[in-house]
Protein chains: 4
Amino acid sequence: MDGRQGRVEKVFRDPVHDFITVSHPVLIALIDTPEFQRLRRLRQLGCAFGTYHGAEHSRFGHSLGAMHVMGKVLARLARAAGLQLDPDLELLAQAAALLHDVGHGPFSHGLERVLTPGVGHEQWTRAVVTGPTSIREVLEGYGPGLAARVAAVLDGELPGELAWVHRLVSSQLDVDRMDYLLRDALFTGAFYGRFDLERLINTLTLVDGQVAFTYKGLPNAEEYILARHYMYWQVYFHKTTRAQDLVLRSLWRRVQELVRQGLHPLDGPWTPPTLRPFLAGEPVALEQYLAVDDHDVMFAIKMWLHHPDPVVADLSARFLHRRLLKPVWRQPPAQPQPQVLEEAARLVRRRGWDPAYYCLLDRTEDVAYDLYVPAGPAGASHPILAVDAHGQLQELSQVSDIIRALARRARTAVNLYVPAEVRDELAQRLKPVAPQGAGR
Amino acid sequence: MDGRQGRVEKVFRDPVHDFITVSHPVLIALIDTPEFQRLRRLRQLGCAFGTYHGAEHSRFGHSLGAMHVMGKVLARLARAAGLQLDPDLELLAQAAALLHDVGHGPFSHGLERVLTPGVGHEQWTRAVVTGPTSIREVLEGYGPGLAARVAAVLDGELPGELAWVHRLVSSQLDVDRMDYLLRDALFTGAFYGRFDLERLINTLTLVDGQVAFTYKGLPNAEEYILARHYMYWQVYFHKTTRAQDLVLRSLWRRVQELVRQGLHPLDGPWTPPTLRPFLAGEPVALEQYLAVDDHDVMFAIKMWLHHPDPVVADLSARFLHRRLLKPVWRQPPAQPQPQVLEEAARLVRRRGWDPAYYCLLDRTEDVAYDLYVPAGPAGASHPILAVDAHGQLQELSQVSDIIRALARRARTAVNLYVPAEVRDELAQRLKPVAPQGAGR
Amino acid sequence: MDGRQGRVEKVFRDPVHDFITVSHPVLIALIDTPEFQRLRRLRQLGCAFGTYHGAEHSRFGHSLGAMHVMGKVLARLARAAGLQLDPDLELLAQAAALLHDVGHGPFSHGLERVLTPGVGHEQWTRAVVTGPTSIREVLEGYGPGLAARVAAVLDGELPGELAWVHRLVSSQLDVDRMDYLLRDALFTGAFYGRFDLERLINTLTLVDGQVAFTYKGLPNAEEYILARHYMYWQVYFHKTTRAQDLVLRSLWRRVQELVRQGLHPLDGPWTPPTLRPFLAGEPVALEQYLAVDDHDVMFAIKMWLHHPDPVVADLSARFLHRRLLKPVWRQPPAQPQPQVLEEAARLVRRRGWDPAYYCLLDRTEDVAYDLYVPAGPAGASHPILAVDAHGQLQELSQVSDIIRALARRARTAVNLYVPAEVRDELAQRLKPVAPQGAGR
Amino acid sequence: MDGRQGRVEKVFRDPVHDFITVSHPVLIALIDTPEFQRLRRLRQLGCAFGTYHGAEHSRFGHSLGAMHVMGKVLARLARAAGLQLDPDLELLAQAAALLHDVGHGPFSHGLERVLTPGVGHEQWTRAVVTGPTSIREVLEGYGPGLAARVAAVLDGELPGELAWVHRLVSSQLDVDRMDYLLRDALFTGAFYGRFDLERLINTLTLVDGQVAFTYKGLPNAEEYILARHYMYWQVYFHKTTRAQDLVLRSLWRRVQELVRQGLHPLDGPWTPPTLRPFLAGEPVALEQYLAVDDHDVMFAIKMWLHHPDPVVADLSARFLHRRLLKPVWRQPPAQPQPQVLEEAARLVRRRGWDPAYYCLLDRTEDVAYDLYVPAGPAGASHPILAVDAHGQLQELSQVSDIIRALARRARTAVNLYVPAEVRDELAQRLKPVAPQGAGR
């Protein structure tokens, strides 16, 4: 990246968007903070790189991309409405897009629940934006109250006439998804997530304070919803990735158990100092949280290869050398009956593995496109809208057969994972229903 | 990846080649070894991810890609000659391509010379292939002597009639370059490295034991040489990447210096155990070498942020938060005069930095395409050949104006890097020649 | 195109498939016949070039493409089954694919019904393959009976165990569609028709004499069906193209009417000699049919610009200068009530136009994907199949929500076209339902 | 295409540029004139469709494309200079780009010299713009004198400070080339002509009234010059295309000769009325010129298949069924010696062909990039400029090794074409130098 033509601007080359040009000094300063640079050390897709070897990209590029797409969407909406963009609104929206993932921790969704139970990455993001950080300093240095406003955009607490700005950051049609579907499709090598971003953006418009597709854009809207549908089932829920997540969480739980039992002293050689508060189960301060990234966890696992506890050493080797657990695939009834689980556990134990770490149930669920449910939680289920030639807004599935086919049909997969060594025997005993093709 | 249709084959989705299918059991077993899986933890382009944020890809994908391209080239050569491929030769060549980078260490070229001085990655690769490793076990398990033969392909010690196989792994026209130019172009987002691989391969033929372009393929050959030319100057030699490499080596040298002075005890908390032999300057055993990857170094740098030595702490922060050294760019005469360097050092020191770590000369050099020099070292300067309609082989620059323009014209850049804080003052004092546009 | 490396083979560069290599001498000879070369003079999409200016491509490229795709599909099916291809079957299938459109006439579907009423292009194709032509000569010269066998493939009269070969030429999953969707998408610039041909082909297999998708290929199958769905509604049924077709047919009918009334002598200067038998309404001999292509019709229309009959002159100018009829769009009930049509005709006539030529009803209908209807006509409604991990064949919509959403839902559009000059008045009087956005 | 959102604008989907949006009413009206619509009936690459079957595209799309690229270049230059565009200048430049090819005749360069000898398409273009046409009417209707100003842009007669506008329409770096290289590369399926248009445009700037590349753009400039280099030698000068041009001109000359001898009466059935003035060798009026397009010539050739003169009938069949003349390829000395030509003619005649029509010399010449020659003709050799970081303009080859390699090196190919039936014998007798591979 570099400045050109005397103006202070930064140009990033990006595999997805080609050039990302940043010219607002606040955005440039935000990118240069240690908290944002830390995103370079968090993989976007956690353990998925074990399944799709190209998926080694970090949240840094995705965050730049989301900010970039926000700029394009805003410019389009202004053009469609024949208006000038309010520069302050533009900065606010782009800053929110840039920072929306800044509270993620190592291995993202895979480790979040065990690392800081009860505190999700959204809360950490709010803490980073409004807490004692360089990011807050940059925002407040530009305009007092800006940090709080950015947090309000992220949390959906803007006044009603600006609710659409929040939805562009976080809803079913947001710049987060627009970037990550394309980015993850590119890096994984999966083709499913591709859609034509330029065309999608150029069919959006702003009607009555709502972002909507014009009718011309229905094929683009369908393409986008399908991309999401495929990426979830072919990539994000891939059984190998889920297995690697499971092994990682098992390993972490085992070490925590040893800590609880006094068998793994936290000041000993087996614990990277940065991980101590997490393994101790103590409350974690913001500074401690931000000090940790994928490298600390990976470094710990590499050391744990030689851990005296055989479960820790085995799970570490399984994780690093990709001898993962394997699914014994279940079709509905989605929830295996208790006696099935008990028998599986018995069998696993008899073969020498502790079922607490080696016989694990995993549940994935997705609705490709949710209709609006008035009483539902904010954001997630806000409908995607289309506007007809007369300016009437309609919910997307009302005007598209294809979307209607995908809407509201939740797809649940429940898998039982066990060591490969025991899978065949178990599969035979449990008489599982035939595996569905293509992981569908 | 997964097996399909009952046959044991592995399919990898790849961002560059789409599908990479591996069916030979030896190749599958090699990929599954811990030594090969370790390549997932070595970034292909070392520090370049700081310049091109997408360049976070590892040597794992590149190694698969090189093996894949080898398979395609061999199939093409057989087809062009109307022959059947010898399966043993195919395995040998593909294994060599797969393993050609298996001896790389953390941060590749950036750290190689300081990490194990005098022992390059080629030597480590030989050690991995022929030493006490799972890789050797797999190879010897298939056929006694196979490990030595793979090493011979890598080292160019095959009998003369098979010299072309070595050159396909390592020469100016090899599967290594074919993959990395495309892969690095994709991940960096630079467009320069793109060329049409299918067409390139489909214009190759084997004449008198030499791989050559047919005349039809001259535009493809030119495109390939140009891709290399651009990637070197726009990506591999990018001044920001070079700066990050310099800071990394400065940091390492500083810690080593403290170790020598007894100011950094190797058994203390500041040294990840895996790095001890390297910092101690002791001979490093293969097992110790393979235990280390990018994560160990990154974890150390993150801890060194809080190191008591201010130079170590400062350089660590510069590395992690990207406050790098900046070039004071020099045109030829390439080698700055001693008094210029002395004055620069004086100035840097006066501003409070130790020039040994903050005033650094960097030299990059490239010849886009080398003509054959008979007495030269094996491999590197072996010419690329073209075959005319009468089966006569000619050196490429004899038949292409464009190649001739690039051949043998070494381009040298020598830069002096200093802290940004002192660059302007220094630039003024040293009266540098005007910066060349576009790093050209 | 040219021969390479001494073997007799022809290489065509193709915008869709890159290289199309033809090596069988019979295929090369078929391409060189005057009857096949004539396809260069028939636009693939008739009048669509007036709507999508890029759609100027001929049936020549499409026919080569269909043959090329057939070769790839056959190779895949053999590879999936672990079999060698029967060279005679391969020739038969590729020849049928190459020749499947050889009986088309000028402006294809747009003019077919008025040019040789009651004789469709399929019948002409059979006549070309089995009649006194160079094509028949080439086929019979290679093997007596081959012409009849090619015709049998085209007509679906192969013995049952080879029915799949016919279906690859003409069914809902055939090489014809595979090529034309991609080709028309490329040339029109519409993005809808794109799908990943390589992946599609690589998920096909042959089970119990039926071509089927493997479960892995469901996303590819869906992508293909969606491509067809979009192309029909966005391109093939585009209202401007339909209008240009209508004007062309009106013009032709008018000239025929004048001929019948003795007002347009066929031996006069207003009739290109080649068009005489068609305008005379006489039976047309094969030789006469093949002598005519788009150029004859275009040349006639250019001359008719100066025709003494004002309707002929006006319609010719409308066609050439694109002052077409405009739709007064109707939603269901699809069939306008008689009194509406009568009123429209009255109005058009009052404004000075003969409604027989200027007030025209157009009906388009499509089912994106038909389920199997056992008693239905051969070919058209043969279902697309998917094969699960146990080798069970299932109809595609049984295993795909998306296909099910598109299946069997016929979409009908009926439009009334009138001169632009009268559209607004007519629209107001007829109180048409609001136009559907995007022609959906 | 259609209007959107109430504004009067036309949107064309284009295979090269995706969407081409036209909003200025004058440009829309120009496109709707019969003279511009006529460009739909002139193939962009004349006979090249016989070599590259995809190259069936017309000058209509190219002209739209040139206008579109002009809009993008102007917008970039304004943005780079921080200026607002003058709407009148924008209209002028875009109209000139749109109309620059409006004077082309059937089969373009292939037939131009024999159709209206001494009057090139540039003169016809001026006549269309300033003569009694709908185009002139539209221009003058908007602003008196506009037609003359458009002609001045096309002819390079603008005042000096606007000379760069002319050069954007016609020079070595103009919107004509930018569009046709990409368009012809796409439609032919040749990959050589591809370059990154967005990047190219985004590296242009306006310095001292001169369009120039910034230094950052050197790789883009090189890519563009190489694209031109390859397209000339691989596509535009392809020997099969040249052969088809030769046959076409031979045929035309033969018919003209028969007319002169009174053996082909112009009012007889063998002459489409529109072609009479051309075959008569009379001066051709603008109206007569515009009445003729590819269809008239193709229709005539199809009729001439049955012409009583055997040479006319044979050449027509050769043209239509692609039994073309074949080159006997000559390396330098470029100009065959007279006795060689005489012997060739003797041999051709002895085998029964009239050498005046069947033994033809063809000369192609190109300089990939011309340096500036001060006294040279306007336009063609105006150099491409690059601007360094200090605002200094430099001629492109001064700063690029690759351009320098291509500059000023004229490549001449002279071929003698004869019937295939006699080529081998002739080749043997004339002892031709070995054919250069790949037409290089």
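Now for a look at the structure at hand. Numbering of residues begins from 1 in every chain and follows the order in which that chain's sequence is written. By the order in which they are written, chains take letters starting at A while ligands take numbers starting at 1. Selection of residues for local features in this predicted model requires a pLDDT of at least 70, selection of side-chain atom pairs for listing and counting requires 80 or more, and totals for whole chains, interfaces and linings are taken over all residues. Side-chain numbers here rest on the full set of heavy atoms in the structure, without hydrogens or water.

A word on the overall build of chain A
By the criteria applied, helices consist of DSSP H or I runs no shorter than four residues and strands consist of E runs no shorter than two, each listed in order from the N terminus. Helix and strand content of chain A: 22 helices and nine strands. Within these notes, the globule rule equals 2.2 Å times the number of residues to the 0.38 power, and the radius of gyration is based on C-alpha atoms. Against the compact-globule benchmark of 22 Å for 440 residues, chain A has a radius of gyration of 23 Å, which places it among compact chains. When its C-alpha atoms are laid out on the principal axes, chain A stretches across 70 × 50 × 40 Å. Exposure is judged per residue with a 1.4 Å probe applied to protein chains only, and the accessible area is read against the type maximum: over 50% gives exposed, under 20% gives buried, and values in between give partly exposed. Looking at chain A as a whole, 64% of its 440 residues qualify as buried. Sequence separation of at least 24 residues holds for 70% of the intrachain contacts in chain A that already meet a minimum separation of 6. A total of about 16,300 Å² of accessible surface is found on chain A, and carbon and sulfur atoms cover 52% of it. By the convention used here, residues are in contact when the closest approach between their heavy atoms is within 4.5 Å. Note on areas: Shrake-Rupley, 1.4 Å probe, and residue coverage restricted to the protein chains presented here.

Details of the pairing of strand β2 (residues 18-22) of chain D
Residues and elements named next belong to chain D. Two strands form a pair only when DSSP identifies at least two bridges running between them. The pairing of strand β1 (residues 10-14) with β2 spans five bridges and is classified as antiparallel. In the strand pairing of β2, Lys10 is matched with Val22. Taken together, β1 and the strand that follows it, β2, pair antiparallel across an intervening segment of three residues.

A word on the packing of helix α18 (residues 338-350) of chain D against helix α22 (residues 420-430) of chain D
Residue and element names in this part refer to chain D. Note on definitions: angles span 0 to 180 degrees between N-to-C directions of axes, and those axes are lines fitted to C-alpha atoms, for helices only across the stretch in contact. It is at 11 Å that the axes of α18 and α22 come closest, and there the two elements cross at 150 degrees. One finds that α18 runs roughly antiparallel with respect to α22. Crossing hand, α18 versus α22: right-handed. Across the interface between the two elements, Val340, Glu343, Ala344, Leu347, Val348 and Arg350 of α18 pack against Val422, Glu425, Leu426, Arg429 and Leu430 of α22. When residues are sorted by character, Ala, Val, Leu, Ile, Met, Phe, Trp, Tyr, Cys and Pro go into the nonpolar class, Asp, Glu, Lys and Arg into the charged class, and all the rest, Gly among them, into the polar class. Residue classes in the contact of α18 with α22 are distributed as seven nonpolar, no polar and four charged. The labels follow the angle: roughly parallel below 35 degrees, roughly antiparallel above 145, roughly perpendicular from 65 to 115, and oblique for the rest. Should the near helix be turned counterclockwise from the far one by less than a right angle, the crossing is left-handed, whereas a clockwise turn marks it as right-handed.

Quick notes on the relation of the copies chain D and chain C
Here the two chain copies are tied together by a rotation about an axis and a shift along that axis. Least squares is the method used to superpose the copies, on C-alpha atoms of residues holding a pLDDT of at least 70 in both. Mapping chain D onto chain C calls for a screw motion: a turn of 180 degrees about the axis and a shift of 0.0 Å along it, with 0.0 Å RMSD after fitting. In short, the pair behaves as if placed about a two-fold rotation axis. Closest approach to the rotation axis among the C-alpha atoms of chain D is made by D:His295, whose C-alpha sits 2.7 Å away. In this assembly the copies share their binding face: 100% of the residues contributing to the interface of chain D also contribute to that of chain C.

A short note on the side chain of A:His53
On the secondary structure map, A:His53 appears in the loop between α2 (34-37) and α3 (59-81). Any N or O atom pair separated by 3.5 Å or less is treated as a polar contact, with the protein-specific requirement of one donor-capable and one acceptor-capable atom, and with residues adjacent in sequence counted only for side-chain atom pairs. Here B:Asp14 takes part through its side chain, which lies 2.7 Å from a polar atom of the side chain of A:His53. Once you skip the residues sitting within four places of it in the chain, A:His53 turns out to touch B:Phe12, B:Arg13, B:Asp14, B:Pro15, B:Arg40, B:Phe60, B:Gly61 and B:Leu64.

Topic: the sheet that holds strand β7 (residues 385-387) of chain A
Across a sheet, paired strands are connected by hydrogen bonds in the backbone, their directions being either parallel or antiparallel. Residue and element names in this part refer to chain A. In space, the four strands of this open sheet follow the order β3-β4-β7-β8, with mixed pairing throughout. Where the open sheet ends on each side, the last strands, each with one partner, are β3 (204-207) and β8 (393-395). Averaged over all pairs of adjacent strands, the angle between strand axes in this sheet comes to 50 degrees, irrespective of strand direction. Inspection of the sheet shows β7 paired to β8 by three bridges, in the antiparallel sense. Looking at the pairing, Val387 lines up with Leu393 of β8. Its contacts with the sheet place α3 against β3 and β4 (210-214), and it is angled at close to 60 degrees to β3.

Description of the state of the cysteines
Whenever a pair of cysteine sulfur atoms sits within 2.5 Å, that pair is classed as a disulfide. Per the stated rule, a full pass over the model turns up zero disulfides over all chains. Here A:Cys47 stays free of any disulfide, with the sulfur of A:Cys359 as its closest cysteine sulfur at 20 Å.

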